[in-house]
Amino acid sequence: MPVALLLDIDDVLVLPVGYKRGIPATLGTFARRLGWEIPLPTEMDIEWFEASGVTSEWDSTAICLAGLLLEAARLDGQWIVPDFEEAMVRLADRALDSGQIRPDYVTWVRRAGEAAQPGERPSQAALRLWRREALPSLPRSEALETLLLYLLADTHRLSCPTTAVFQAWMVGSQAYAETYGRPAPVEVPQGLLERDQPLLTREGACALLDLWYEGRLAPAFYTSRPSQPPDGELAPPLPVYSPEAELAARLVGLEDWRPVGLGRLFWLVERVGLEENPTKPHLLHSLAAFAVAVASSDGIEEIPALEAAYETLIFNALMGPLVKWAKLPWHVVLVEDSVKGIQGVFRMVRRLYELGMSIRLTVFGVAPHPGPKAEVLEAYADRMVPSVNDAIEEIARLCRNG
């Protein structure tokens, strides 16, 4: 039985030091601009963000800053105007007592993650919740709503101020200007991404590569990291196309495997005109990862594989190369640290089974134990492991014995 291996990247293959430090660095940038001395999100807070299904730092930083602005509005509404830059200047001039600002980052982000519907980003869910629950009782609610829209409606573009600052912290000021064709919003000499650390050992990478070379493994990265578009396609100057998944793959020695990250997904939705968030737990993300994984072992280019994933989703029938692949029984092995990632693959396996494919799933949940992430993942994983390296031997056994 062929094995399709879907690997998450962050906290599975790579310790995302840059992303974890980027959240407090981004919020600290805005706090300093406002003259506030406030607590910033801790590593434990960030683990709770991820356990709640909010795995995009673009979403979590925007939600946290929006929550801080609502706290400021609770204390003083004189600064509120619909223009974000003017509002920030006016808020700084108000010189609020930052000791009265009560950050509740985990609650803000967790509620958004739990409320997010399929196709809806957590930041958009936060906007929906705050429109209903917070804005009616706050001053200048119409102008405040405009500020929240600016922050939360589309966190995947550099027009979102927290995303622009976060990307500057990730890649550094010079690379930011070169990549996006505009000056960085904050001066950062060295990007934090350079501090990421491999979690997959060299021995583990070699074992997986051996299985791939033997033709026993069809791998792909199933990740919410920004990535390049499909091979040969030009990347617009947008943050979703930053080659961050490729950098992580290179860090662990698996640079020849294709990452189905934001770049591939947003290239696809732009191509077909889909107006939904295509990332985990959306069925398109898991279908695309499976199709690209199998295509890589079958000598098929990734664009036809991505198109087949979309057409299978839309027409509810096996399309393109998926028709041929359905003649074989498949075993999907997922190594993942987020509930939403697991939920997306559950849906994919169920859909392909309903469409006539012989397919089964094994899920390795990766999380240190004890901890909030492990508590949540245990209900979804077939086996919990503290590290991806603890799953390698079992993956090899599945590849060789079915």
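Higher on the page you've got the structure.
### Describing the pairing of strand E7 (residues 359-366)
Working note: regular strand, side chains alternate between the two faces of the sheet. Counting buried residues along E7, six of its eight residues qualify, which places the element largely inside the surrounding structure. Pairing analysis gives seven bridges linking strand E6 (residues 330-336) to E7, with the strands arranged parallel. Paired with histidine 331 across the bridge in E7 is arginine 360. Crossover handedness for the path E6 to helix H16 (residues 339-354) to E7: right-handed. Across three bridges, E7 lies against strand E8 (residues 383-385) in parallel orientation. Pairing of glycine 365 across the sheet is with methionine 384, part of E8.

### Description of the sheet that holds E7
The strand order E5-E4-E1-E6-E7-E8 describes an open sheet built from six strands, whose pairing is parallel. Each end of this open sheet is capped by a strand with a single partner; those strands are strand E5 (259-260) and E8. Helix-sheet contacts for helix H13 (residues 283-298) involve strand E1 (3-7), strand E4 (217-222), E5, E6 and E7, and the interaxial angle to E4 is about 145°.

### A look at the pairing of E6
By the criterion of burial, E6 is predominantly enclosed, with seven of the seven residues buried. Burial of E6 is two-sided: the residues Trp330, Val332, Leu334 and Glu336 facing one way and the residues His331, Val333 and Val335 facing the other way are all buried. As paired strands, E1 and E6 are joined by five bridges and run parallel to one another. Bridge assignment links leucine 7 to a residue of E6, and that residue is valine 335.

### Some points on the nonpolar core
Of all hydrophobic cores here, the largest spans 116 residues; its most connected members are Leu6, Trp36, Trp79, Trp130, Phe290 and Met348. Counting 33 residues, the second-largest nonpolar core is a separate cluster that includes Ile9, Leu254, Phe364 and Ile392.

### Some details on the environment of asparagine 401
Residue position: asparagine 401 is located in helix H18 (residues 392-401). In this structure asparagine 401 comes out as exposed when scored by relative accessible area, which is 57%. Placed 399 residues apart in sequence, asparagine 401 and proline 2 show a C-alpha to C-alpha distance of 9.9 Å.

### Points about unusual backbone geometry
Residues apart from glycine generally show negative phi values, whereas peptide bonds are mostly found in trans. Of the consecutive residues lysine 280 and proline 281, the connecting peptide bond is found in the cis state with omega at 5°. Looking at the element boundaries, proline 281 is found in the loop between helix H12 (262-272) and H13. With phi around 65°, aspartate 11 is a residue other than glycine that occupies positive phi space. On the secondary structure map, aspartate 11 appears in the loop between E1 and strand E2 (14-15). One non-glycine residue with positive phi stands out, namely asparagine 316, at about 55°. Positionally, asparagine 316 belongs in the loop between helix H14 (302-315) and helix H15 (321-325).

The rules behind the values
Residues numbered from 1 in each chain as written. Predicted model: local features only at pLDDT ≥ 70, side-chain atom pairs only at ≥ 80, totals over all residues. Heavy atoms only, no water. Buried < 20%, exposed > 50% of the residue type's maximum accessible area, 1.4 Å probe, protein only. Helix = DSSP H or I, 4+ residues; strand = E, 2+ residues; numbered from the N terminus. Pairing = 2+ DSSP bridges. Right-handed = clockwise from strand over helix to strand, strands pointing away. Contact = heavy atoms within 4.5 Å. Axes fitted to C-alpha atoms, helices over the stretch in contact; angles between N-to-C directions. Core = buried A, V, L, I, M, F, W, Y, C linked by side-chain atoms within 4.5 Å.

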